[in-house]
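Next come the chains, spelled out residue by residue.
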Amino acid sequence: MRLSRIFMALTVGLAVAAVPTAAGAAQPQPPVYAPTPASLTVTPTTIRLGETFTLEGAGFAAGTVTINVTITGNPNAAPAGSVRRSDGSAVAMTAVAYQQPQSAPTTFTVTANDDGEFTTTYRPSRTGRHVFTAVQGTEEDSATGIVLPARPDRPGRPGGGNLPVTGDSIGTPLKLGGGLAGAGAVLVLLSLAWRRRGRFGIGSR
């Protein structure tokens, strides 16, 4: 009789001890979220030379992010060929690369904030396809931007408005001015001759 009571007490004790364990196992566990992959965006994706890209990164760790720039495509140059003057003669033109301003960097660093984000700008110094790659440890992402020549109505910038042409560019105005001067001299001479005829009565009746 005493032995059966001991077995019953042990059974009740084990059951009581198992209740908290089962209750803990039934508690919902917080969800495990996958880390956001690093990303890099470039806006706008196409610009003219002299304008600026905006680079935005997200999903990085707080700290330094390295950005590498790979550029493909030749710098803008004046086209080869020939142009015609107003008198019909041709003037040869040779392909001449425009003098570029100081080159933009092909590697630079930015600082991501505590949320792993950053925003920076980049002003290209040449035309072509620009591939930006943001690297931080094992995290990496790339984005592409296209740089077109400057607008033709903006002289003085690389790629716009100033075509190197050999030969004089003021030949036509000089010829026109010389013709007008010659015509004026003829009119003056005719006027003097007419006055002279009137003074001496030449041709009068």
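Our structure's up above, just so we're on the same page.
Cut-offs and rules
- Residues numbered from 1 in each chain as written.
- Predicted model: local features only at pLDDT ≥ 70, side-chain atom pairs only at ≥ 80, totals over all residues.
- Heavy atoms only, no water.
- Helix = DSSP H or I, 4+ residues; strand = E, 2+ residues; numbered from the N terminus.
- Buried < 20%, exposed > 50% of the residue type's maximum accessible area, 1.4 Å probe, protein only.
- Contact = heavy atoms within 4.5 Å.
- Pairing = 2+ DSSP bridges.
- Axes fitted to C-alpha atoms, helices over the stretch in contact; angles between N-to-C directions.
- Phe/Tyr/Trp six-rings, centres within 6.5 Å; stacked < 30°, edge-to-face > 60°.

(A) Region of the structure containing the overall build of the protein. Within the protein one finds two helices and 10 strands. Traced from its N-terminal end to its C-terminal end, the protein shows the element sequence α-β-β-β-β-β-β-β-β-β-β-α. For the protein, buried positions account for 21% of its 205 residues. Put simply, 61% of the contacts in the protein that link residues at least 6 apart link residues at least 24 apart.

(B) Local environment of the sheet that holds strand β3 (residues 53-58). Pairing is antiparallel in the open sheet, where three strands are placed in the order β1-β3-β8. Of all strands in the sheet, those bounded by a partner on one side alone are β1 (39-43) and β8 (118-122). Strand-to-strand twist of the sheet, defined as the mean angle between neighbouring strand axes without regard to direction, takes the value 20 degrees. The pairing of β3 with β8 spans five bridges and is antiparallel. Paired with L55 across the strands is T120, a residue of β8.

(C) Just the packing of aromatic side chains, in detail. Going through the model one piece at a time under the given rule, you end up with four aromatic pairs. When the centroid spacing of 5.2 Å and the interplanar angle of 80 degrees are considered together, the rings of Y122 and F132 count as edge-to-face. Highlighted residues: Y122 in strand β8 and F132 in strand β9 (residues 128-136), separated in sequence by 10 residues. Connected via pairs of aromatic rings, a cluster forms that spans F53, F108, Y122 and F132.

(D) Highlighting the environment of T109. Examined against the element boundaries, T109 turns out to sit in strand β7 (residues 107-112). Along the sequence, T109 and T66 sit 43 residues apart, while their C-alpha atoms lie 4.4 Å from each other. Not counting chain neighbours up to four residues away, the residues in contact with T109 comprise T64, V65 and T66.

(E) Structural detail: the pairing of β7. Of the two faces of β7, only the one carrying F108, V110 and A112 is buried; T107, T109 and T111 on the other face are not. One ladder, built from six bridges, connects strand β4 (residues 63-72) with β7; its direction is antiparallel. Counted as the bridge partner of N68 is T107 from β7.

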